[in-house]
Amino acid sequence: GHASNAPAPAPELATESLPRTRDPVEPSARPEPLAAWTDLAQDGKYADAVARAESLGWDQVVAKASPDELLLLADAARLGGRLERASQAYATIRSRFAASESAATAAFMLGRIALDRVDPPAAAGSWFETYLRERPQGRLARAALGRLIEARLGAKDEAGAREAARRYLEQFPQGPHAELAGSLLNP
């Protein structure tokens, strides 16, 4: 497939945003075809899950999905190399479920996609800043702050990178970006 050259997911997100178990749902509460793409996504068949959602009508699936289902669909699209579809699903979470934990996670993931696609690094940085503003103590805060350092360096914003590095070392002195942060503060 064409997904073999997709960047490997970062360790902190390899499985973190994929729900481990499905919530029990009354059989009548969810139409059977919708369950099929979720099963495919949870089984790691990412491209198949996106194709199934598209065959059901992407816009309808996205309009009806819960926040957890949208994260699952967006993650499947991202891991299956369908970054445009992933971005659409994450953006939908941001608009439909604003101020939720899922919306903050979607901001982080939009930043990751922007970094991976080599969008202007400032665009990626603004998504990581959004996550940190919405969830300063969130489960992805350490990763978001580390990625913010990378994005600001990529944007040639040395003052911004140093500021992010200072915040990083203050909060996560043993974190995976600590060496990079230290090198910016003590060249």
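Bear in mind the structure is a predicted one, so any value in this text is a computation, not a measurement.

A. Molecular detail of the overall build of the protein. Check the secondary structure of the protein and you find nine helices and zero strands. For the protein, the sequential pattern of α-helices and β-strands runs α-α-α-α-α-α-α-α-α. Burial statistics for the protein: of 187 residues in total, 44% are counted as buried. Across the protein, every contact between residues at least 6 apart in sequence was considered, and the portion connecting residues at least 24 apart equals 53%. Surface exposure of the protein reaches about 9,600 Å², of which carbon and sulfur atoms provide 52%.

B. Spatial organisation of the nonpolar core. In this structure, Tyr90, Phe108 and Tyr131 are the most contacted members of the largest nonpolar core, which totals 50 residues. If you tally residues by element for this core, the top one is helix 5 (residues 101-116), at eight residues.

C. Main features of unusual backbone geometry. At Ala99, a residue that is not glycine, the phi angle is positive and equals roughly 70 degrees. You can see Ala99 is positioned in the loop between helix 4 (83-96) and helix 5. The backbone of Lys156 shows a phi angle near 60 degrees, a positive value even though the residue is not glycine.

D. Just the pattern of salt bridges, in detail. Throughout the structure, instances matching the rule amount to seven salt bridges. We note a salt bridge from Glu129 to Arg152, for which the minimum N-O separation is 2.1 Å. Within this pair, whereas Glu129 is found in helix 6 (residues 121-134), its partner Arg152 is found in helix 7 (residues 141-154), the two being separated by 23 residues in sequence. Here Glu129 falls in the partly exposed class, since its relative accessible area comes to 29%. With relative accessibility at 14%, the residue Arg152 sits in the buried group. Here Glu170 makes a salt bridge to Arg166, at a shortest N to O gap of 2.8 Å.

E. Fine view of helix 2 (residues 46-64). Here helix 2 is 19 residues long, yet its end C-alpha atoms lie only 19 Å apart, well below the 27 Å a rise of 1.5 Å per residue gives. Remark: the principal bend of helix 2, roughly 100 degrees, maps to Gly57. Every buried residue of helix 2 is accounted for by Ala49, Val50, Ala53, Gly57, Trp58, Val61 and Val62.

F. Spotlight on the side chain of His177. Residue position: His177 is located in the loop between helix 8 (158-171) and helix 9 (178-185). A distance of 2.6 Å separates polar atoms of two side chains, one belonging to His177 and the other to Glu150. Discounting chain neighbours no more than four positions away, the residues touching His177 are Gly146, Arg147, Glu150 and Tyr168.

G. Examining the packing of aromatic side chains more closely. Inspection of every chain in the model, using the stated rule, returns three aromatic pairs. Pairing Tyr168 with Phe172 gives two aromatic rings, centres 5.6 Å apart and planes at 55 degrees, and the pair type is tilted. Here Tyr168 matches Phe172 in class, with each residue buried.

H. Just the confidence of the model for the protein, in detail. Looking at the protein, the pLDDT average stands at 85 and 80% of residues meet or exceed 70. Ranking the elements of the protein by mean pLDDT puts helix 1 (residues 32-42) last with 76 and helix 8 first with 97.

I. View of the packing of helix 7 against helix 8. At a minimum axis distance of 8 Å, the contact between helix 7 and helix 8 shows a crossing angle of 160 degrees. The angle between helix 7 and helix 8 places the two elements in the roughly antiparallel class. Crossing geometry of helix 7 relative to helix 8 is assigned as left-handed. Within the contact between the two elements, helix 7 uses Arg142, Leu145, Gly146, Leu148, Ile149, Arg152 and Leu153 and helix 8 uses Gly160, Ala161, Ala164, Ala165, Arg167, Tyr168 and Gln171. Taken together, the residues that form the contact of helix 7 with helix 8 break down as eight nonpolar, three polar and three charged.

Conventions adopted
- Residues numbered from 1 in each chain as written.
- Predicted model: local features only at pLDDT ≥ 70, side-chain atom pairs only at ≥ 80, totals over all residues.
- Heavy atoms only, no water.
- Helix = DSSP H or I, 4+ residues; strand = E, 2+ residues; numbered from the N terminus.
- Buried < 20%, exposed > 50% of the residue type's maximum accessible area, 1.4 Å probe, protein only.
- Contact = heavy atoms within 4.5 Å.
- Areas by Shrake-Rupley, 256 points an atom, 1.4 Å probe, with all protein chains shown as cover.
- Core = buried A, V, L, I, M, F, W, Y, C linked by side-chain atoms within 4.5 Å.
- Salt bridge = Lys/Arg side-chain N within 4 Å of Asp/Glu carboxyl O.
- Expected span 1.5 Å × (residues − 1).
- Bend = angle between axes of the 7 residues up to and from the residue.
- Polar contact = N/O pair within 3.5 Å; in protein donor to acceptor, adjacent residues only side chain to side chain.
- Phe/Tyr/Trp six-rings, centres within 6.5 Å; stacked < 30°, edge-to-face > 60°.
- pLDDT = per-residue confidence, 0-100.
- Axes fitted to C-alpha atoms, helices over the stretch in contact; angles between N-to-C directions.
- Parallel < 35°, antiparallel > 145°, perpendicular 65-115°, else oblique.
- Left-handed = near helix turned anticlockwise from the far one by under 90°.
- Nonpolar A, V, L, I, M, F, W, Y, C, P; charged D, E, K, R; others polar.

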